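# Close look at the chain arrangement
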Amino acid sequence: MCSTKIKTSNVCNQGSPLSIRSRSFQPVMALLAGATLCSGISTVSAAPTSNPKAVHHSAIEQARQGQHKAALKQLGLLVQAYPENRLFRYDYINTLAWAERDKEVLAQLSYIDFAQAPAYVLRAIGKSARNQQRPKLAIRAYRAALKQAPNERQAQLGLAMSLAEAKQPVEADKHIQSLLKANPRSIELLKTLAYIKEADQDYAAAYDIYDRILIIDRDNKSARHARVLSLLRLGVPHEALQFARRDAGLFSPEEWNRMLGDQAAIEIRWGQQPVLDLSQRYRNTDKAIELLKNQQKTITDKASPAYLRNQFDLMAAYRNRRYMHETVTLYEQLRKDDINNFPPYVQALVGDAYLSLRQPEKAIALLEKSVDKDPHNLDAQYSLYYAYLEADRYEQSLAHIDALEDSLPQWIWPPGGKEKQLNFDKLYAQTIASMARAYIGKLDQAENRLNTLSAQAPDNIDIQTSLAHVFLWRGWPRAALERYQTVLTQDSDNIEAKTGIVSALSARGNFAEAETALKPLQDQYNDHPQIKNLTKEANIRKMREIWLEVNGGSSSDTTLYQGSSDLGFTGYYYDRPWRLGLRAFAYLSHLQGNFSGQTATRNRGGAGLHYQQQDIVLRGNISGGDGPAGLSFQGDWSPTDHWQGSLAIETFSEQTPLRADLAGVKAQSLGVSTRYRFHESRSLGASLQYMDFDDGNQRNTLSLFGQQRLFTGLRYTLAGELYLYRQSNSINNAAYFNPLKQSSVELSFNNEWLTSMHYEKSMRQRLKIGIGSSNQQNFDTKSTWMVSYEHHWSFSQQLSLAYGISRSRPVYDGVKESFTRGFMNLYVRF
C-alpha cells in the first residue's frame with residue numbers, strides 16, 4: 001500500500017455547489033459493474049496510477065463538469081490505493097454527494113472525524129443525512145462545519161432546515177432570525193424561514209413570509225409558486241386558484257389538478273355544514289359535483305392519482321347529495337376498469353350508499369375492509385353495525401357495537417386541559433349500544449341502559465331522543481311525544497325529534513295533526529330516508545283495504561254448539577278515507593255448520609263508517625241478510641298510555657251460536673272491556689258481556705286475562721298468558737249449548753320464531769301450547785289442552801298472509817271432545 005503524502009490541492013478547498021434544499025428519497029445508483037465492496041469503496045481490476053495527483057486533479061474536473069460516474073471511478077481507485085490519504089476520501093465523499101449517492105456518503109462515516117474534516121465535507125454529509133431523513137446526524141454535521149467556518153452560509157441554512165426537520169421549530173426559528181437581523185432582505189434567508197414554518201405546518205406564517213419576499217422581489221417565481229401552495233395547505237383553494245391563474249405557467253398539470261381537487265373537496269365539506277335556508281343545503285355539494293365533472297373531462301390519464309382522487313371525491317359528493325345509485329354506479333364502473341385500491345374512507349362511503357339502497361351484504365363487505373384499515377373511523381364503525389343489523393346478523397351486530405363501546409375510554413384529557421372530561425364519543429357509542437337492544441325487541445334493557453346514561457348526561461340530545469323512541473315502541477306515545485318536544489326546546493331543528501313527533505301523533509290516531517307536522521319536513525327534507533318512510537306510511541293509510549278470513553274445523557261429537565264441522569268466511573272492504581280518520585266500509589260473512597245431519601247457514605252483509613281520532617276509535621254499521629236487520633256500534637278509548645276501554649253494542653249479535661239459527665233464536669249484546677297495558681311485555685284485562693236471547697235466555701260472561709313475556713331472544717320470544725272465563729245463563733235446555741254455569745281456566749305459552757326478515761318482509765312461526773281445566777254445573781271438573789301452529793308472512797306494508805292449524809281437547813257437558821281447526825287471513829292495501 002502506497003504511503004506517499006500528497007499536498008492538498010487548492011481545488012479541494014473550494015465550496016460545494018450542491019443544492020442545500022432537501023429532496024425526496026431516490027434509489028441509490030448501482031455500484032460499478034463487476035465491483036465488490038471493500039471498506040465502502042468500489043474495487044476494480046485496474047492498477048493504481050503512478051501519478052495520483054494528476055488522477056485526482058482530472059477526477060475533480062470531471063466531477064465539476066457533471067461526469068460523476070467517471071470521477072467516482074478514479075477517486076475510488078485513489079481511495080483504495082491510498083486509504084490513509086484524507087484528501088482523496090474527502091473529495092470522494094463530496095463527489096458522491098454531488099451524484100446524490102447519499103447512502104454511500106453515509107457509509108463513509110466511520111472514516112470521518114467531524115473535528116478534523118473540512119467544512120465542505122461536513123456540508124456534504126449534512127445534505128446526504130437530510131436526504132436520508134436523518135436530521136439529527138445532519139445537525140451534528142452542520143454544527144461541526146460551522147465551528148470551522150462560522151459564516152458559511154450553506155451550513156447555516158442547512159442547520160436551520162435540519163432543526164426544523166428534527167421537530168425543533170423554536171430553535172430553528174431562533175437560528176435563522178439571528179441571521180436575518182444582519183440581512184433582513186435576504187431572499188435566501190426568508191425562503192429558509194418559510195421552509196421552517198412549513199415543516200412546523202404553520203402555513204399562515206409561511207404565506208406571510210412569501211409575501212415579504214414578493215415585496216422585495218415581486219417577480220420571484222419560486223415565491224409566487226410557493227405562496228399558492230401555502231394557500232392550498234391552509235385549505236383555501238379558491239384563493240389559491242385566483243393567484244395561480246395569474247401565473248398559470250408556473251404550475252404543473254398535477255398541481256392544477258390538486259388545486260381543482262382541493263376546491264371541490266372544500267365545497268364537499270362546506271356542503272355538510274348546517275345552513276339557515278334549508279333549500280340551499282345542497283348548493284355547495286352541487287357545485288362540487290359540477291367542478292369534479294368538469295375536471296374529470298380534462299384528465300386524460302385514467303390511471304393517474306389525480307383521476308382517482310377526482311372519482312373518489314365525486315363518489316363522496318354523490319353520497320352527501322343522497323345520490324346513492326350514482327355513488328354505487330361510479331364505484332362499480334371503477335371496479336370494471338380494474339381499479340381496486342380504494343382508500344378506507346371511500347370503502348366506507350360506498351358501503352353507506354349500499355346500505356341506503358337496502359343491500360346490506362354488499363355494504364358489509366366494504367365496511368369490514370374500511371374499519372380493518374381505519375378502525376378510528378367511528379362513522380364507518382356505526383355503519384357496519386347497522387349493516388349487520390339490517391342483514392339480520394343480530395349476533396354480529398351486538399358483538400360489534402359492544403366491542404366498539406368497550407374500546408372507547410369513559411374519560412378523556414383534552415389538549416391543554418387540567419381536568420378530565422366525559423368522552424362524548426363513548427357516550428354516543430353507549431347510546432347506540434342501548435338502542436341495539438331496542439332494535440331486537442329487548443326494550444326493557446334499552447330503557448334501563450338509556451336511563452342510566454340520562455342520569456350521567458341529562459341534557460344529551462341523542463340520549464333523550466333515543467329514550468323517546470323506546471317509549472314509543474313500548475306503546476307510550478304520550479310519553480314519547482313529551483320527550484320529543486323537550487328535545488326540540490334544546491335543538492329546534494332536530495330531525496329525529498321532528499319525525500318522532502309525527503310517529504307519536506300517528507300512534508295516537510291523530511292523523512290530521514301528524515300530516516300537518518309532516519308537511520314542512522317533506523318540503524325541507526324530501527330526500528331524507530325517515531321522511532320518505534313517514535310519507536309512505538301516510539300514503540298507505542289512505543289506501544283501500546281488504547281483510548279476508550277463512551276458518552273451519554271439525555269435532556268428534558255433535559254436542560258442540562258449532563256442530564260436528566263448520567266453515568266460516570268473513571271479508572271486509574275499507575274505502576279510501578273521505579277525510580283523515582273517517583272511511584266507509586262494507587263486509588260480508590258466511591257461516592255454515594253441520595248439526596246431526598242438519599246444516600245451518602248464516603249469510604250476512606253490512607256497511608258502515610269507521611272513525612279514528614286522537615285516542616278514540618268509533619265504528620258503526622247496519623247489517624242484514626239471514627235474520628233481522630241489525631245495528632252495531634263499537635267504541636275504543638285510550639285515555640292514557642296504559643289504560644284502554646271498549647264498549648260494544650249489537651242489536652243482532654254476530655256471536656249468537658249458529659245452532660240457535662235452526663230454532664230461529666236471535667240475540668242482542670252489550671259488552672264492556674278494559675285493559676291495562678304496562679308495556680309491550682305485560683298487560684292485564686277484563687271484559688264483561690251481556691247477551692239477551694229472544695227465547696228468554698240471558699247470558700253473562702266475565703273474562704279475565706294476564707299476559708307476560710317470559711323470554712326475549714334474538715330470534716325467539718316466549719310469552720305466557722293466563723285466561724279465566726266464567727259464564728252464566730238464565731235458562732236450561734236451550735236449543736244451543738247453554739249451561740247454567742260454566743267456568744274455565746287456561747294457561748298457555750306462545751312461542752314465536754323469527755325465521756327470516758329483510759326490511760318489511762318477514763316470516764314468523766308461532767307455536768302455542770295451552771293447558772287448563774273446565775267446570776260445568778252438574779258435571780265434574782276436567783282438564784283441557786290445546787296446541788296450535790301458525791305461519792305469519794309479511795310481504796310488505798301492503799300485503800300480509802297468515803295461516804295455521806290447531807288441535808284442542810275442550811269439555812262440553814262433561815265430555816272431552818277432539819277439535820281440529822284451521823284458518824287463513826289475508827290483508828291487502830291498494
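What you are looking at is a predicted structure, and each value in this text was computed from that prediction instead of being measured.

### Concerning the overall build of the protein
Per the secondary structure count, the protein includes 27 helices and 22 strands. The C-alpha atoms of the protein give a radius of gyration of 43 Å, which is well past the 28 Å a tight globule of 830 residues would have. C-alpha extents for the protein along the principal axes are approximately 145 × 55 × 55 Å. A burial count over the protein gives 46% of its 830 residues as buried.

### Considering the side chain of Arg604
With respect to the helices and strands, Arg604 occurs in strand 8 (residues 598-613). Using a relative accessible area of 3% as the deciding quantity, one classes Arg604 as buried. At a separation of 2.7 Å, a polar atom in the side chain of Arg604 contacts the main-chain carbonyl oxygen of Asp626. In terms of polar contacts, Arg604 uses its side chain to reach the backbone carbonyl oxygen of Pro628, at 3.0 Å.

### Focus: the pattern of salt bridges
For the structure on display, the rule yields 36 salt bridges. Here Glu152 ties to Arg123 by a salt bridge, and the two come within 3.5 Å at their closest N and O atoms. Of this pair, Glu152 sits in the loop between helix 6 (135-148) and helix 7 (153-165) while Arg123 is found in helix 5 (residues 119-131), placing the two residues 29 residues apart along the sequence. The salt bridge involving Arg309 is made with Asp313; its shortest N-O contact spans 3.4 Å. Within this pair, Arg309 and its partner Asp313 are both found in helix 15 (residues 305-320), separated by four residues, close to a single helical turn. On the accessibility criterion, Arg309 (26% relative accessible area) is partly exposed. Residue classification places Asp313 among the buried positions, given a relative accessible area of 8%. In this structure, a network of salt bridges that share partners links the residues Arg478, Arg508, Asp615 and Asp641.

### Considerations on the nonpolar core
Formed by 64 residues in total, the largest nonpolar core has its most connected members in Val105, Ile112, Phe114, Ile125, Ile176 and Tyr210. Residue contacts for Ile176: discarding those within four places in its chain leaves Leu157, Ala160, Leu189, Thr192, Leu193 and Ile196.

### As for the environment of Gln177
Checked against the element boundaries, Gln177 lands in helix 8 (residues 169-182). Here Gln177 falls in the partly exposed class, since its relative accessible area comes to 31%. The sequence separation of Gln177 and Ala160 amounts to 17 residues, and the corresponding C-alpha distance is 9.9 Å.

### Some remarks on the pairing of strand 18 (residues 782-796)
When strand 17 (residues 761-776) meets strand 18, the two strands line up antiparallel, connected through 13 bridges. Considered in strand 18, the bridge of Gln765 is made with His791. Here eleven bridges tie strand 18 to strand 19 (residues 799-809), and the two strands are oriented antiparallel to one another. Each bridged residue has a counterpart across the sheet, and for Ser796 the counterpart in strand 19 is Leu799. Linkage of strand 18 to strand 19, two consecutive antiparallel strands, is achieved through a turn of two residues.

### Examining the environment of Asn603
Along the chain, the position of Asn603 falls in strand 8. Taking the C-alpha atoms as reference, Asn603 lies 8.6 Å from Gly624; in sequence the two are 21 residues apart. Among residues more than four places away in sequence, those in contact with Asn603 are Ser589, His590, Gly624, Gly625 and Asp626. A distance of 2.5 Å separates a polar atom in the side chain of Asn603 from a polar atom in the side chain of His590.

### Things to note about the packing of helix 13 (residues 253-271) against helix 15
For the pair helix 13 and helix 15, interaxial distance at closest approach is 10 Å and the crossing angle is 10 degrees. By the angle between their axes, helix 13 is roughly parallel relative to helix 15. At the point where helix 13 passes helix 15, the crossing takes the left-handed sense. Contact residues: Asn257, Arg258, Gly261, Asp262, Ala265 and Ile268 in helix 13; Ala306, Arg309, Asp313, Ala317 and Asn320 in helix 15. Partitioning the contact of helix 13 with helix 15 into residue classes produces four nonpolar, three polar and four charged.

### What about helix 10 (residues 203-216)?
The end-to-end C-alpha distance of helix 10, which contains 14 residues, comes to 20 Å, matching closely the 20 Å that a straight helix rising 1.5 Å per residue would cover. Among the residues of helix 10, Tyr203, Ala205, Ala206, Tyr207, Ile209, Tyr210, Ile213 and Leu214 are the ones counted as buried. Of the surrounding secondary structure, the elements contacted by the buried residues of helix 10 are helix 9 (187-199), helix 11 (221-233) and helix 12 (237-246).

### Let's talk about helix 2 (residues 68-81)
Taking 1.5 Å of rise per residue, the 14 residues of helix 2 would be expected to cover 20 Å, and the 20 Å separating its terminal C-alpha atoms lies within 8% of that figure. Taken as a whole, helix 2 has its buried residues at Ala71, Leu72, Gln74, Leu75, Gly76, Leu77, Leu78, Val79 and Ala81.

### Remarks on the packing of aromatic side chains
Two descriptors summarise a pair of aromatic rings, namely the distance from one centre to the other and the angle between the planes of the rings. Inspection of the entire model under this criterion finds 23 aromatic pairs. Aromatic pair Phe471 and Trp476: ring centres 5.7 Å apart, planes at 45 degrees, arrangement tilted. Three or more aromatic residues joined by ring pairs form one cluster here, namely Phe312, Tyr331, Phe342 and Tyr354. Cation over ring: Arg89 sits above Tyr111, and NZ or CZ is 3.9 Å from the ring centre. A cation sits over an aromatic face here: Arg227 above Phe243, 4.2 Å from the ring centre.

### Let's talk about unusual backbone geometry
Even without being a glycine, Gln133 presents a positive backbone phi close to 60 degrees. Mapped onto the elements, Gln133 comes out in the loop between helix 5 and helix 6. Even without being a glycine, Gln201 presents a positive backbone phi close to 60 degrees. Gln201 gets classed as exposed once you look at its relative accessible area, which sits at 62%.

### Details of the pairing of strand 11 (residues 643-650)
Alignment of strand 10 (residues 630-637) against strand 11, held across six bridges, turns out to be antiparallel. Residue Ser632 lies in a different strand from strand 11, and its bridge partner there is Glu650. If you look at the hairpin formed by strand 10 and strand 11, you'll find five residues sitting between the two strands. In terms of strand pairing, strand 11 meets strand 12 (residues 667-679) through eight bridges, oriented antiparallel. Counted as the bridge partner of Ser646 is Ser673 from strand 12.

### A few points about the confidence of the model for the protein
Per-residue pLDDT for the protein has a mean of 89; in total, 93% of the residues score no lower than 70. For residues 1-47, every residue scores under 50 in pLDDT, and the model assigns this stretch 89 contacts once sequence neighbours within four places are set aside.

### Section: the packing of helix 13 against helix 14 (residues 283-298)
Geometry of a packed helix pair, given as the angle between the helix axes and the separation of the axes. Here helix 13 crosses helix 14 at 160 degrees, and the two axes come no closer than 7 Å. In terms of orientation, helix 13 lies roughly antiparallel with respect to helix 14. Our pair here, helix 13 against helix 14, has a crossing hand that is left-handed. Between helix 13 and helix 14, the contacting residues are Asn257, Leu260, Gly261, Gln263, Ala264, Glu267, Ile268, Trp270 and Gly271 on the first element and Asn284, Thr285, Lys287, Ala288, Leu291, Leu292, Gln295 and Thr298 on the second. Tallied by class, the residues present in the contact of helix 13 with helix 14 amount to seven nonpolar, eight polar and two charged.

Conventions used here
- Residues numbered from 1 in each chain as written.
- Predicted model: local features only at pLDDT ≥ 70, side-chain atom pairs only at ≥ 80, totals over all residues.
- Heavy atoms only, no water.
- Helix = DSSP H or I, 4+ residues; strand = E, 2+ residues; numbered from the N terminus.
- Rg over C-alpha atoms; globule rule 2.2 N^0.38 Å.
- Buried < 20%, exposed > 50% of the residue type's maximum accessible area, 1.4 Å probe, protein only.
- Polar contact = N/O pair within 3.5 Å; in protein donor to acceptor, adjacent residues only side chain to side chain.
- Salt bridge = Lys/Arg side-chain N within 4 Å of Asp/Glu carboxyl O.
- Core = buried A, V, L, I, M, F, W, Y, C linked by side-chain atoms within 4.5 Å.
- Contact = heavy atoms within 4.5 Å.
- Pairing = 2+ DSSP bridges.
- Axes fitted to C-alpha atoms, helices over the stretch in contact; angles between N-to-C directions.
- Parallel < 35°, antiparallel > 145°, perpendicular 65-115°, else oblique.
- Left-handed = near helix turned anticlockwise from the far one by under 90°.
- Nonpolar A, V, L, I, M, F, W, Y, C, P; charged D, E, K, R; others polar.
- Expected span 1.5 Å × (residues − 1).
- Phe/Tyr/Trp six-rings, centres within 6.5 Å; stacked < 30°, edge-to-face > 60°.
- Lys NZ or Arg CZ within 6 Å of the ring centre and 35° of its normal.
- pLDDT = per-residue confidence, 0-100.

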